[in-house]
Amino acid sequence: MAKMKGALIGCGFFAVNQMHGWQDLADVEIVAICDRDLERLTIVGDQFGVARRYQSANAMFADGGFDFVDIATTVGSHRALVELAASHKVPAICQKPFAPTLEDAKAMVAAADKAGIPLMIHENFRWQTPILAVKAVLDSGVIGEAFWGRVSFRSGFDVFSGQPYLAKGKRFIIEDLGIHSLDIARFLFGDANRMTARARRINPDIAGEDVATMLLDHDNGVTSIVDVSYATRLPEEPFPETFVEIDGSKGTLRLGKDYRLIVHGPDGTTETVVAPNLLPWASQPWHNIQESVALIQKHWVERLAAGREPDTSGRDNLKTFALVEAAYLSAERAETVSLQDLL
Ligand code: NAD
């Protein structure tokens, strides 16, 4: 069978993981790459042996010859690039955060729908091995019906050295990291209808908030807390692990440090390690995230081939992105925000 051909836009910090992920998929070939920064274009083009290189996405689309595009640029360019892909009827993956505003995100979904192309947001955290393990326990029914949950990411890791732009934006942790944690909450507990949030900035050297605590009312009655921090100094740095606690009608589940999963049910307590695989190109501590990149890309290829909507489609991700917007609104006004008013 002929290989599926892809193109990638944005050859920055995170795109290298995406290029490795594509290289590992036997039925995919990245045939063209684009970055307006010639240095990044050269580094990634040489590392992955991609001959077709462009500094302009318009020029790359004009030449065509690929079945999908992977947009790995920062948020400011997402709408224009997704709309460009739609105008060429090329299926698109777009990195998170979806867009600068919910209005932009809705316009991107509409553009993809109008063009009849699939659009997937690269929301990879729900594809992490430990999170998939938590979901499997929940679905098995061993802890009964969940009524309370917590998705927690607290760290003091210096993310700013690799991604300096994170220190400059007016919005930081909810939009950049909380978005993943909120998506995990949706993945585990279903859609939410109300958000109550508080946010703070502890690090004086950055522009946005680096601590947020969010309370979600889910449609099925689950109450969850999503708490995120990049201002938390712990004796052992857990970056980039997400901890999960779930209380159910028959038992409890705790995913803690070093990927230890404790499940307590009517038949007793089990403790397992649900650590991610360390892929050959991955490096600790990022390997958990890196493996999830490979897994979401595999999902995209399978769904594209089958003509089925991916799990984190643009349509689906609007609901995660609306939680981000709701969190900022709630924190700003110090009141609860209804999701219905946003979607
Ligand atoms: P980066 O700044 O290192 O890289 C972005 C690259 O895109 C740069 O090289 C820039 O020159 C290029 N670019 C920007 N606009 C362009 C355009 N219009 N045309 C061509 N090239 C363009 O950023 P990064 O840290 O790699 O982040 C990229 C995206 O990935 C962000 O949206 C970020 O939130 C996301 N990200 C996701 C994860 C995850 O786990 N899913 C992790 C880290 C970053």
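Residues numbered from 1 in each chain as written. Predicted model: local features only at pLDDT ≥ 70, side-chain atom pairs only at ≥ 80, totals over all residues. Heavy atoms only, no water.

## Examining the packing of helix H5 (residues 102-115) against helix H9 (residues 314-333)
Link 1 in the chain: Interaxial distance between H5 and H9 falls to 10 Å at its minimum, and their mutual angle equals 175 degrees. In terms of axis orientation, H5 runs roughly antiparallel to H9. In contact with Leu 102, Ala 105, Lys 106, Val 109 and Asp 113 of H5, H9 contributes Gly 314, Arg 315, Leu 318, Phe 321, Ala 322 and Glu 325.
Link 2 in the chain: In terms of residue class, the contact of H5 with H9 is made up of six nonpolar, one polar and four charged. (Axes fitted to C-alpha atoms, helices over the stretch in contact; angles between N-to-C directions. Helix = DSSP H or I, 4+ residues; strand = E, 2+ residues; numbered from the N terminus. Parallel < 35°, antiparallel > 145°, perpendicular 65-115°, else oblique. Contact = heavy atoms within 4.5 Å. Nonpolar A, V, L, I, M, F, W, Y, C, P; charged D, E, K, R; others polar.)

## A short note on the packing of aromatic side chains
Link 1 in the chain: Across all of its chains, the model carries 12 aromatic pairs by this definition.
Link 2 in the chain: With centroids separated by 6.1 Å and ring planes inclined at 90 degrees, the aromatic side chains of Phe 153 and Phe 239 adopt a geometry described as edge-to-face. Placement of the pair is Phe 153 in strand S7 (residues 146-154) and Phe 239 in the loop between strand S10 (223-229) and strand S11 (243-248), with a sequence separation of 86 residues.
Link 3 in the chain: The buried category is assigned to Phe 239, whose relative accessible area is 7%.
Link 4 in the chain: Where Phe 157 meets Phe 239, the ring centres are 3.7 Å apart and the plane angle is 5 degrees; that geometry is what we call stacked. Remark: Phe 239 occurs in the loop between S10 and S11 and Phe 157 occurs in the loop between S7 and helix H7 (173-189); sequence separation between them is 82 residues.
Link 5 in the chain: Classification of Phe 157 as partly exposed rests on a relative accessible area of 24%.
Link 6 in the chain: Above the ring of Phe 187, the side-chain terminus of Lys 135 is found at 5.3 Å from the ring centroid.
Link 7 in the chain: A cation sits over an aromatic face here: Arg 171 above Tyr 328, 4.1 Å from the ring centre. (Phe/Tyr/Trp six-rings, centres within 6.5 Å; stacked < 30°, edge-to-face > 60°. Buried < 20%, exposed > 50% of the residue type's maximum accessible area, 1.4 Å probe, protein only. Lys NZ or Arg CZ within 6 Å of the ring centre and 35° of its normal.)

## Concerning the sheet that holds strand S14 (residues 268-273)
Link 1 in the chain: The nine strands are arranged S14-S13-S12-S11-S7-S10-S9-S8-S15 in an open sheet whose pairing can be described as mixed. The open sheet has two edge strands with one neighbour each: S14 and strand S15 (337-338).
Link 2 in the chain: In this fold helix H6 (residues 129-140) packs onto S7, S11, strand S12 (252-256) and strand S13 (260-265), with an angle of close to 175 degrees to the strand it touches most, S12.
Link 3 in the chain: This element, H9, spans strand S8 (192-200), strand S9 (211-218) and S15 of the sheet and lies at about 55 degrees to S8. (Pairing = 2+ DSSP bridges.)

## Considering the sheet that holds strand S4 (residues 68-71)
Link 1 in the chain: Within the open sheet, the six strands sit side by side as S3-S2-S1-S4-S5-S6. Their pairing is parallel. Each edge of the open sheet is held by one strand with a lone partner, namely strand S3 (52-54) and strand S6 (119-122). Direction aside, the axes of adjacent strands within the sheet are offset by 25 degrees on average.

## Focus on the environment of Leu 343
Link 1 in the chain: Turning to its location among the elements, Leu 343 is positioned in the segment after S15.
Link 2 in the chain: In the structure, Leu 343 is positioned 166 residues away from Leu 177 in sequence and 21 Å away in space, judged by C-alpha atoms.
Link 3 in the chain: In contact with Leu 343, other than residues within four places in its own chain, are Lys 106, Leu 318, Lys 319 and Ala 322.

## Description of the nonpolar core
Link 1 in the chain: Formed by 93 residues in total, the largest nonpolar core has its most connected members in Val 69, Phe 98, Met 195, Met 214 and Ile 246.
Link 2 in the chain: By residue number, the principal contributor to this core is H7, which donates 10 residues.
Link 3 in the chain: Composition of this core by domain shows at least three residues from each of domain 1 (4-117) and domain 2 (126-283 + 320-341).
Link 4 in the chain: Excluding residues that lie within four positions of it along the chain, Met 214 makes contacts with Ile 174, Leu 182, Met 195, Thr 196, Ala 197, Ser 224, Ile 225, Val 226, Val 228 and Ala 327.
Link 5 in the chain: Within the second largest apolar cluster, 23 residues are counted, among which are Val 16, Trp 22, Ala 72 and Met 120. (Core = buried A, V, L, I, M, F, W, Y, C linked by side-chain atoms within 4.5 Å. Domains from an automatic or database assignment.)

## Structural notes on the packing of H7 against H9
Link 1 in the chain: Packing of H7 against H9 leaves a shortest axis separation of 9 Å and a crossing angle of 125 degrees. Classed by the angle they form, the pair H7 and H9 counts as oblique. Note that H7 runs across H9; the crossing there is right-handed. From H7, Ile 173, Ile 174, Glu 175, Ile 179, Leu 182, Asp 183 and Arg 186 reach across to H9, where they touch Asp 316, Asn 317, Lys 319, Thr 320, Phe 321, Leu 323, Val 324, Ala 327 and Tyr 328.
Link 2 in the chain: Counted by class, the contact of H7 with H9 contains nine nonpolar, two polar and five charged residues. (Left-handed = near helix turned anticlockwise from the far one by under 90°.)

## Side note on the site of the ligand
Link 1 in the chain: Around the ligand sit 26 residues, and of these Phe 14, Asp 35, Lys 96, Asn 124 and Tyr 165 come closest.
Link 2 in the chain: One of the backbone nitrogen or oxygen atoms of Phe 14 is found 2.8 Å away from an oxygen atom of the ligand.
Link 3 in the chain: Here an oxygen atom of the ligand sits 3.3 Å away from a polar atom, N or O, in the main chain of Thr 73.
Link 4 in the chain: Burial of the ligand by the protein amounts to 88% of the accessible area it has alone, namely 850 Å².
Link 5 in the chain: For the shell around the ligand, the per-class residue count stands at nine nonpolar, 11 polar and six charged.
Link 6 in the chain: Both of domain 1 (4-117) and domain 2 (126-283 + 320-341) provide at least three residues apiece to the shell around the ligand. (Near = heavy atom within 4 Å. Polar contact = N/O pair within 3.5 Å; in protein donor to acceptor, adjacent residues only side chain to side chain. Areas by Shrake-Rupley, 256 points an atom, 1.4 Å probe, with all protein chains shown as cover.)

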